[in-house]
Amino acid sequence: MGSEGSSVVVPRNFRLLEELERGEKGIGDGTVSYGMDDADDIYMRSWTGTIIGPPNTVHEGRIYQLKLFCDKDYPDSPPTVRFQARINMSCVNQETGMVEPSQFPMLADWQREYTMEDILTQLKKEMMSPHNRKLSQPPEGNEEQRVDPKGMVPRCCIL
């Protein structure tokens, strides 16, 4: 009975409860945040994230809302991530707003230790990258072009 290679695997719901608690406390400099969409969702699948556009980029002054969906395999598999409003970034599908795992290394090379906070922080860094920081963006107020699967039109606040 050796102990080499053994580690404790935190169950999915405990992990999500930890992430919820951290998200509710506020994180970092306040430019990324997240929380559950529905407090009654006992499976804790649907989340909303927010990224405030970084300064000195075309994203400055914009507030981006994202939907994160943690399937039953999370955190062993990454959540799906979708921007609610249109955004021009190299890792985002222009038609659906989905962050493409093949274009976003954190999702492509997902590790169990990664969190939703890590994803949002990395997306903010991606906004600041040389190939995304100057890309022309769709006009503000474009969130009406994408409808939530529940039939609700998402709203996005823009500073």
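Report follows, based on the coordinates.

Analysis parameters
- In this convention, every chain numbers its residues from 1, walking through the sequence in written order.
- Note on the predicted model: pLDDT of at least 70 is required for a residue's local features to be given, and 80 or more for side-chain atom pairs to be given and counted; whole-chain, interface and lining totals, by contrast, use all residues.
- The basis for every side-chain value is the complete set of heavy atoms in the structure, and neither hydrogens nor water enter the calculation.
- The buried label goes to any residue with under 20% of its type's maximum accessible area, the exposed label to any with over 50%, and the partly exposed label to all in between, with areas taken from a 1.4 Å probe on protein chains only.
- Going along the chain from the N terminus, every DSSP run of H or I of four or more residues is numbered as a helix, and every run of E of two or more is numbered as a strand.
- What makes two strands pair is DSSP finding at least two bridges between them.
- Each residue after the first adds 1.5 Å to the expected span of a helix.
- For this quantity, the arc is that covered by the directions from the helix axis to the C-beta atoms.
- Contacts are assigned to residue pairs that have any heavy atoms within 4.5 Å of one another.

Focus on the pairing of strand β2 (residues 46-52)
Most of β2 is tucked away, with six of its seven residues classed as buried. By the bridge criterion, five bridges tie strand β1 (residues 32-36) to β2 in an arrangement that is antiparallel. Counterpart to G35 in the pairing with β2 is T48. In this sheet, strand β3 (residues 63-69) lies alongside β2 in antiparallel orientation, the contact comprising seven bridges. Within β3, the position partnered with I52 by the bridge is I63.

Considering helix α1 (residues 12-25)
Along its 14 residues, α1 runs 20 Å from first to last C-alpha, staying within 8% of the 20 Å computed at 1.5 Å per residue. Those residues of α1 lying buried are R12, R15, L16, E19, L20 and G23. Buried positions in α1, seen along its axis, are confined to an arc of 140 degrees and lie on one side of it. Facing away from the buried side of α1 by more than 90 degrees, the exposed set consists of F14, E24 and K25. At its buried positions, α1 is contacted by β1, β2 and α3 (116-128). Immediately beyond the C-terminal end of α1, within one or two residues, lies G26, with a positive phi of roughly 90 degrees.

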